[in-house]
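Structural overview for review
Here's the letter readout for the chains.
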Amino acid sequence: MVIIVAVLLVRTIVHATIHVTTSSNVFITAQVGGTPATPPGGGTTTPPAGGGGGGGGGAGGSSSSSSSTTTATNGMPTTVNFSGMGYPSSKVVILQDGATVITTTADPNANFSASLTGLVQGNYTFSVYTTDQDGHHSVSFSFPVYVTTGAAVNIGGIILAPTIDVDKAEVKRGDNEAIFGFAVPNSKVNISVHSDSEHLVSTTAGPTGAYLYNFDTTPLEYGGHNAQSRSLMDDKVSAQTDPVPFVVSTENKAKPTGCAASVGDINCDNKVNLVDFSVMAFWYKKGGTPPANVDLNNDGKINIVDFSILAYHWTG
Amino acid sequence: MKKLFYTFLIIVLLPLSVFGKDIPHATVIHAPQSVAQQQQFYVDIVVDTKGVSINGVQGAVTFSSDTLSFVRAETGTSNITLWIDQPVVKGNSVIFSGIIPGGFDGLINPFDQSAKLPAEIVRLVFVGKSAGVAAISTTNITVTDTDGKGTVEKLSDTSTTFPITTSVAPSVYTTPDTIAPTLSASIVNDKNLYDGHAVLVFTAIDKESGIDHVTLQEGDNDLSTIESPYLLHDQSRKSILLLHAYDVAGNVATITIAPLSSQTSTTVIVILILITLIILYVNYKKTRHNKNSV
């Protein structure tokens, strides 16, 4: 249920308490050479009226006489530092507002770190994901951050989610469904198979990060099911993977391969990015019946739902 | 006057009664307390996600056209990453839609992490047209959850009013901005995009005043204001493409895309140089080997 608040001249807005939805281990710290600027969208101030050309700017909603930017002092560059764990020697991709800005490789212990410099002050959405040696992407770990000129923001403790796949699209009831992927090496991997009821099992990732669990489908009902996993290491917990669907039936069927299995990859280049967005935008404006691989929810039209699904699977 | 004041108070205080309830998402309008005729001002449209991640927004903002004139929309401070429909005025409404790859569950201010901040959707600049009561309201704003299914949530309409007083002196609102936008572009051929013809796709981002417009000069053709994706006139790709992105403050970023033939000939030249160098090296080794044998 959604309730709307109409606000006129009301400066108090109820904010949610800060929490990290994807992982409990991430920390964000910051140092600044000058005075931190106020982010826009905070909603705690009322915009100025007129002001002869003053006002707002990057600081949004500040009074017309206040500055909109903070000048860097002490020569500190505007930097965002990222660090965390992926899988051993896995490719780690960092996106800035949906565009790939850094591609790096985790070390043999799965640790990665990277830095972005020279950013202009403002709102950014950074996303981090990794790709395993089979080409599967982890879910993106995203954080919208306000970056102040001259500040160094450190985003650390990122534990990237495992990858996950199954070996059969349809599995004969009673046969095993192999559930596999990559995770932080030597971490415990909790696997959830759920439909009407949830079945929880666990395994351990090897030193390469690979994990495998042969799930006995005997207790599952006929029909569709989903498998998801997350990794646990000491007191650190990763985000959960996307659900991977499979069907319990009377026969075994292999999974489709290629880009047919990759949601949002409209042009089959193993990426979901601006090109796919452009194709979707073209059909959105053109109208009519879109191609099946563009109409992501198969409802015969392109609308905000399809764009949302595309944005969810975005790889940059 | 007293009656107007009490009406005003009711409008202000009534919405407070719904605070404190469990609100998954909420639209908020940040408007000034009062404005004079011929005075420019901005209104921020904000969505408070209450910690629930969203990755798409669409809707409209309507305004009282008898008391307000729309000046422009600014997107520099918006949390929307890619616009499906750039904010554009139609009659007395500004419509928009866009997505946030990765999702948005609240903006983190690294220097004050006590709370995440709401998403700024768009900043609308208006000017007071005539004395009276100005009204601004959101209409049919929907958000999509970051759940991989595109679950749509319709937000209730919200509105705000404020007085337009008689003019003291005209004023103009400008967002300080001295930094050029960032622009990236590529040319793609995809069977689902203009039947596989050469199409220019691009993104232009400006973190201060926001992108105003993007122009393309294709060879000797006239300059055109374009949107992405753009079907190129010259499908042979023999023309130089000059792409310019202007922000609201007038700063410009430019990308030049060389003709395909020029790119091809450059590649050929590089290959020829490499082959020549290899031949020279082999000859040099042979000559040296022969000298050593003698």
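Above this text you will find the structure in question.
Since the structure is predicted, the reported quantities are computational estimates derived from the model, not experimental observations.

1. Considerations on the overall build of chain A
When helices and strands are counted, chain A shows two helices and 18 strands. Sorting the 316 residues of chain A into buried and exposed places 54% on the buried side. Of the contacts formed within chain A by residues at least 6 apart in sequence, a portion of 61% connects residues at least 24 apart.

2. Here's the deal with the overall build of chain B
A count of helical and extended segments in chain B gives two helices and 20 strands. Sorting the 294 residues of chain B into buried and exposed places 50% on the buried side. Expressed as a percentage of contacts within chain B between residues at least 6 apart in sequence, the contacts between residues at least 24 apart total 68%. In the form shown here, chain B has an accessible surface area of approximately 13,700 Å², with 59% of it arising from carbon and sulfur atoms.

3. Regarding the pattern of salt bridges
A side chain with one charge can pair with a side chain of the opposite charge if their charged atoms come near. Overall, the coordinates contain 12 salt bridges over all chains when judged by the stated rule. Put simply, B:Lys207 and A:Asp97 hold a salt bridge, and the shortest N to O gap is 2.6 Å. Here A:Asp97 lies in the loop between β3 (91-96) and β4 (99-105) and B:Lys207 lies in the loop between β15 (199-205) and β16 (211-218), a pairing that spans two chains. Take B:Lys207 and A:Asp97: they sit in the same class, and that class is buried. The closest approach of N and O atoms between A:Lys301 and A:Asp299, which form a salt bridge, is 3.7 Å. Owing to a relative accessible area of 44%, A:Lys301 belongs among the partly exposed residues under this scheme.

4. Observations regarding the packing of aromatic side chains
Within the structure shown, the criterion is met by 16 aromatic pairs over all chains. Look at B:Phe63 and B:Phe70: their rings are 6.4 Å apart centre to centre, the planes differ by 25°, and that puts the pair in the stacked class. Through a chain of ring-to-ring contacts, three or more aromatic side chains come together here, namely A:Phe82, A:Tyr124, A:Phe126, A:Phe141 and A:Phe143. Over the ring of A:Tyr222 we find A:Arg173; its NZ or CZ atom is 5.0 Å from the centre of that ring.

5. Focus: the sheet that holds strand β3 (residues 40-48) of chain B
Hydrogen bonds between backbone groups are what pair the strands of a sheet, and the pairing can be parallel or antiparallel. Residue and element names in this part refer to chain B. If you trace the four strands from one edge of the open sheet to the other, you get β1-β3-β10-β5, paired in antiparallel fashion. The two strands at the open ends of the sheet, each matched to only one other strand, are β1 (26-30) and β5 (68-74). The mean inter-strand angle of the sheet, taken between neighbouring strand axes irrespective of direction, is 25°.

6. Digging into the environment of A:Ala183
All names here are of chain A. Residue position: alanine 183 is located in the loop between β11 (176-182) and β12 (188-194). The class of alanine 183 is buried, set by a relative accessible area of 0%. When the C-alpha atoms of alanine 183 and proline 162 are compared, they prove to be 4.4 Å apart, with 21 residues separating the residues in sequence. Each residue touching alanine 183, except ones within four places of it in the same chain, is listed here: Gly86, Tyr87, Pro162, Val189, Ala205, Gly209, Tyr211 and Ser231.

Calculation criteria
Residues numbered from 1 in each chain as written. Chains lettered and ligands numbered in written order. Predicted model: local features only at pLDDT ≥ 70, side-chain atom pairs only at ≥ 80, totals over all residues. Heavy atoms only, no water. Helix = DSSP H or I, 4+ residues; strand = E, 2+ residues; numbered from the N terminus. Buried < 20%, exposed > 50% of the residue type's maximum accessible area, 1.4 Å probe, protein only. Contact = heavy atoms within 4.5 Å. Areas by Shrake-Rupley, 256 points an atom, 1.4 Å probe, with all protein chains shown as cover. Salt bridge = Lys/Arg side-chain N within 4 Å of Asp/Glu carboxyl O. Phe/Tyr/Trp six-rings, centres within 6.5 Å; stacked < 30°, edge-to-face > 60°. Lys NZ or Arg CZ within 6 Å of the ring centre and 35° of its normal. Pairing = 2+ DSSP bridges. Axes fitted to C-alpha atoms, helices over the stretch in contact; angles between N-to-C directions.

Geometric values such as these leave the question of function open.
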